[in-house]
Amino acid sequence: MTDALALPRAVDLLSALAQKHRLAVFRLLVKAGPEGLPAGTIACEVGVRPNTLSTHLAILDHAGLVTARREGRSVIYAADYGAMRALLGFLVEDCCGGRPEICAPLADLAADCGAC
């Protein structure tokens, strides 16, 4: 994903996050870091049934907000930090009518996501 995000793509990402369990899953994965978490752990932490979690993870994966990899019999999910950076950058891109110093802390947060 490129750093420049078009409005339709931003809407897709925000739509995928616009549900309480999906937002909780994404936040949990951001907190977990690049190593990610197994699906079973995510289900327990978020408090959803595995089949319900599968649907939420599929939506997040389709939007490009998470990645999945197989380790043995487990599927490990991780946040896609590039997608997160792009979305954060889009949200603060035109911040405060040309007065970027007002949004500087937000822009710094978005930039710091590269260190995740």
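Going by the structure above, here's the rest.
Along each chain, residue indices are assigned from 1 in the same order as the chain's sequence is written. pLDDT decides what is reported in this predicted model: residues at 70 or higher carry local features, side-chain atom pairs at 80 or more are listed and counted, and totals for whole chains, interfaces and linings draw on all residues regardless. Side-chain metrics in this entry use all non-hydrogen atoms of the structure; hydrogen atoms and water are not considered.

**Here's the deal with the overall build of the protein**
- The way it works is that DSSP assigns letters per residue, a run of H or I at least four long becomes a helix, a run of E at least two long becomes a strand, and they are numbered from the N terminus. Scanning the protein for helices and strands turns up six helices and three strands.
- When the helices and strands of the protein are read in sequence order from the N terminus, they spell out α-α-β-α-α-β-β-α-α.
- Here's how the labels work: a residue is buried when its accessible area is under 20% of the maximum for its type, exposed when over 50%, partly exposed in between, all with a 1.4 Å probe on protein chains only. Relative to its full complement of 116 residues, the protein shows a buried share of 35%.
- Working rule for contacts: check all heavy atoms of both residues, and any pair within 4.5 Å makes them a contact. Pairs at least 24 apart in sequence give 61% of the contacts found in the protein among residues at least 6 apart.
- Computed by Shrake-Rupley with a 1.4 Å probe, the accessible areas treat only the displayed protein chains as cover when residues are assessed. Surface accessibility of the protein: about 6900 Å² in total, with carbon and sulfur atoms responsible for 58%.

**Some thoughts on the layout of surface pockets**
- Think of a 1 Å grid over just the protein atoms. A cavity is a set of points where a 1.4 Å probe fits yet cannot get out, a pocket is an open set with protein on both sides within 12 Å along at least five of seven lines, and lining residues have an atom within 4 Å of a point. Grid points are joined across faces, edges and corners, and a volume is the space filled by probe spheres set on the points. Taken as a whole, the largest pocket spans an internal volume of roughly 220 Å³.
- Lining the largest pocket we find Leu 14, Leu 17, Leu 23, Phe 26, Arg 27, Val 30, Met 84, Leu 87, Leu 88 and Leu 91.
- Elements that contribute at least two residues to the lining of the largest pocket include exactly helix 1 (7-17), helix 2 (20-32) and helix 5 (81-92).
- When its residues are assigned to classes, the lining of the largest pocket shows nine nonpolar, no polar and one charged. Classes in brief: Ala, Val, Leu, Ile, Met, Phe, Trp, Tyr, Cys and Pro nonpolar; Asp, Glu, Lys and Arg charged; the others, Gly included, polar.

**Let's talk about helix 5**
- One fewer than the residue count of a helix, multiplied by 1.5 Å, yields its expected span. Between its first and last C-alpha atoms helix 5 spans 16 Å; for 12 residues at 1.5 Å apiece the expected length is 16 Å, and the two agree.
- Along helix 5, the positions that sit buried rather than exposed are Tyr 81, Gly 82, Ala 83, Met 84, Ala 86, Leu 87 and Val 92.
- Here a polar contact is taken to be a pair of N or O atoms separated by no more than 3.5 Å, where protein atoms must pair a possible hydrogen donor with a possible acceptor and residues adjacent in sequence count only if both atoms sit in side chains. One side-chain oxygen at the N-terminal end of helix 5 lies 3.0 Å from the backbone nitrogen of Gly 82; it belongs to Asp 80.

**A look at the pairing of strand 2 (residues 66-71)**
- Pairing between strand 2 and strand 3 (residues 74-79): six bridges, direction antiparallel. Counterpart to Val 66 in the pairing with strand 3 is Ala 79.
- Only strands joined by at least two bridges in the DSSP assignment are considered to pair. Between strand 2 and strand 3, which pair antiparallel one after the other, the connecting turn spans two residues, and Gly 72 there sits at a positive phi close to 65°.

**Examining the pattern of salt bridges**
- The salt bridge definition used is simple: a Lys or Arg side-chain nitrogen within 4 Å of an Asp or Glu carboxyl oxygen. Scanning all chains against the criterion turns up one salt bridge.
- In this structure, Glu 71 engages Arg 69 in a salt bridge whose closest nitrogen and oxygen atoms are separated by 3.0 Å.
- With a relative accessible area of 44%, Glu 71 lands in the partly exposed category.

**Observations regarding the packing of helix 1 against helix 5**
- Contact pair helix 1 / helix 5: the axes reach a minimum separation of 10 Å and the direction vectors enclose 115°. Here helix 1 is positioned roughly perpendicular relative to helix 5, judged by the angle of their axes. Like other packed secondary-structure pairs, helix 1 and helix 5 cross with a definite hand, here left-handed. On helix 5, the residues that touch Leu 7, Ala 10, Leu 13, Leu 14 and Leu 17 of helix 1 are Ala 83, Leu 87, Phe 90 and Leu 91. Helix axes are fitted only over the stretch in contact, all axes being lines through C-alpha atoms; the angle between N-to-C directions runs from 0 to 180 degrees. Angles are sorted into four bins: roughly parallel if under 35 degrees, roughly antiparallel if over 145, roughly perpendicular if 65 to 115, and oblique for all others. With the far helix as reference, a near helix turned anticlockwise by less than a right angle produces a left-handed crossing, and one turned clockwise produces a right-handed crossing.

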